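Descriptive analysis of the structure
As a plain string of letters, each chain reads:
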Amino acid sequence: MRTTTARAYPNIALVKYWGKADEELILPAAGSLSLTLDHFETTTTVVPAPEAATDVLELDGSLADPGQTNRISVFLDHVRELAGREDRVLVRSRNSVPTGAGLASSASGFAALATAAAAAFDLDLDARELSRLARRGSGSACRSIAAGMAVWHAGDDESSFAESVDAPDMRMIIVTVNRARKAVSSREAMRLTAETSPFYSGWVSSTEDYLEQMVAACSAEDFTRIGEITESHALRMHGLIQSTVPPIRFLNPTSHAIFDAVAEAREHGIKAYSTADAGPNVAVIVRPSDAEALAERLSGFGDVRVVGPGPGAHLLTAADEVPPAAGTSAGEGSHA
Ligand code: 2P0
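Residues numbered from 1 in each chain as written. Predicted model: local features only at pLDDT ≥ 70, side-chain atom pairs only at ≥ 80, totals over all residues. Heavy atoms only, no water.

The buried fraction of strand 13 (residues 272–276) amounts to 5 of the 5 residues, a majority that puts the element mostly inside the structure. For strand 13 and strand 14 (residues 282–286), the ladder comprises 5 bridges, and the chain directions are antiparallel. Residue pairing in the sheet places Tyr273 in a bridge with Ile285 of strand 14. Hairpin connection from strand 13 to strand 14: 5 residues lie between these consecutive antiparallel strands. (Buried < 20%, exposed > 50% of the residue type's maximum accessible area, 1.4 Å probe, protein only. Helix = DSSP H or I, 4+ residues; strand = E, 2+ residues; numbered from the N terminus. Pairing = 2+ DSSP bridges.)

Below is the structure:
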């Protein structure tokens, strides 16, 4: 075993993942497609700790809470099983935006952890196997293994992984409306949707149709069609989520106002389309040449960032190791 460091970026889905076919293997009920970003990265160092009784997680310079630590430990148990080893590890993870701010995601977190842990445990995984591994931590993480536009295939444990697909160049404007941690987690809300929404089966079957059309639009470099599918699929997901018992609403009046402002920009010749995940923040896809003008137009709604397609998860060198948290014995040493 060795100490390793990896970096991964979040992704924003244009065809959404919302519902599982298998909770333990994290197999999606339908395929999805997303853009891996070039901002908001997570960097994770995995340090072997063969003497330790439990895994330890340091997140953004502090010891993580037991719930977070348990989640990565369950994931690491799977890595240990693949490697045929029992060693515990120390995981140090740092987000470029604060955890819980709505952009530091489980996708970049588990993609970075899967990449670093696979190397730390000397697993020789190809990109497909690494994507399958990241999926076991968080479904959307399998897409952050791949660069740029990536499709995540539904299927069984073997066939459900993500890979990059050709797509036209585009920018995404992230409008951060609210930085608060969401009241209901995606995982919980997804489960509630599958259990209680009368529209769930229609959502699953229509998502497969959307995905097929989206992959065709990407390969044809048809930006308008990509945008229409993106906005329509996002609104459909939020409609579905609002149909749960009890209902869940992630969008707020500012989110809706941004969708309206983007529709109005289209009237003025700026081709742009909105999407939103399990929270009120809105991501807008736009052609590169229109990005700055539209970002300016949307700046009154919240913090606005223009981002582009980013790289897949990758290993870094020892020089990029995440330093120990202050207050840990190793951390005190390095801060002396
Ligand atoms: C997506 N989301 O496709 C959708 C759209 C949120 C809204 O994937 O339970 O954190 O770990 O597999 O990956 C968020 O779900 O859920 C998500 P788990 P995950 O990006």
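Attention now goes to the sheet that holds strand 2 (residues 11–15). Here we have 4 strands laid out as an open sheet, ordered 2-5-10-11, and antiparallel in their pairing. Because the sheet does not close on itself, it has two edges, and the strands there are strand 2 and strand 11 (162–164). Across the sheet, the mean angle from the axis of one strand to that of its neighbour is 30°, orientation sign disregarded. For strand 2 and strand 5 (residues 32–36), the ladder comprises 4 bridges, and the chain directions are antiparallel. Bridge pairing in strand 5 places Ile12 opposite Leu35. (Axes fitted to C-alpha atoms, helices over the stretch in contact; angles between N-to-C directions.)

To continue, consider the site of the ligand. As a matter of local geometry, the ligand sits amid 18 residues, with Tyr17, Lys20, Ser138, Gly139 and Ser140 nearest to it. Separating an oxygen atom of the ligand from a side-chain N or O atom of Tyr17 is a distance of 2.6 Å. One nitrogen or oxygen atom from the side chain of Ser140 is found 2.7 Å from an oxygen atom belonging to the ligand. A total of 470 Å² of accessible area belongs to the ligand in isolation, and the protein chains cover 93% of it. For the shell around the ligand, the per-class residue count stands at 7 nonpolar, 5 polar and 6 charged. (Near = heavy atom within 4 Å. Polar contact = N/O pair within 3.5 Å; in protein donor to acceptor, adjacent residues only side chain to side chain. Areas by Shrake-Rupley, 256 points an atom, 1.4 Å probe, with all protein chains shown as cover. Nonpolar A, V, L, I, M, F, W, Y, C, P; charged D, E, K, R; others polar.)

Moving on, we come to the confidence of the model for the protein chain. Chain-level pLDDT for the protein chain is 94 on average; 95% of the residues reach the 70-or-more range. Note that residues 331–336 has pLDDT below 50 and, in this model, 6 contacts with residues that lie over four places away or in other chains. (pLDDT = per-residue confidence, 0-100. Contact = heavy atoms within 4.5 Å.)

Between helix 2 (residues 106–120) and helix 3 (residues 127–137), whose axes approach to 8 Å, the crossing angle comes to 125°. As the angle between them shows, helix 2 and helix 3 are arranged oblique. For the element pair helix 2 and helix 3, the recorded crossing hand is right-handed. Residue-level inspection shows Phe110, Ala111, Ala114, Thr115 and Ala118 of helix 2 in contact with helix 3, the latter providing Leu130, Leu133, Ala134 and Gly137. Grouping the constituent residues of the contact of helix 2 with helix 3 by class yields 7 nonpolar, 2 polar and no charged. (Parallel < 35°, antiparallel > 145°, perpendicular 65-115°, else oblique. Left-handed = near helix turned anticlockwise from the far one by under 90°.)

Under the definition given, this model contains 15 salt bridges. Two residues, Asp122 and Arg2, come together in a salt bridge whose shortest N-O distance is 3.9 Å. One end of the pair, Asp122, is in the loop between helix 2 and helix 3; the other, Arg2, is in the segment before strand 1 (4–8), with 120 residues separating them in the sequence. Judged by its relative accessible area of 44%, Arg2 falls in the partly exposed class. Note that Arg297 is salt-bridged to Glu264, the shortest N-O span being 3.9 Å. Of the two residues, Arg297 is situated in helix 9 (residues 291–298) and Glu264 in helix 8 (residues 253–267); the sequence distance between them amounts to 33 residues. (Salt bridge = Lys/Arg side-chain N within 4 Å of Asp/Glu carboxyl O.)

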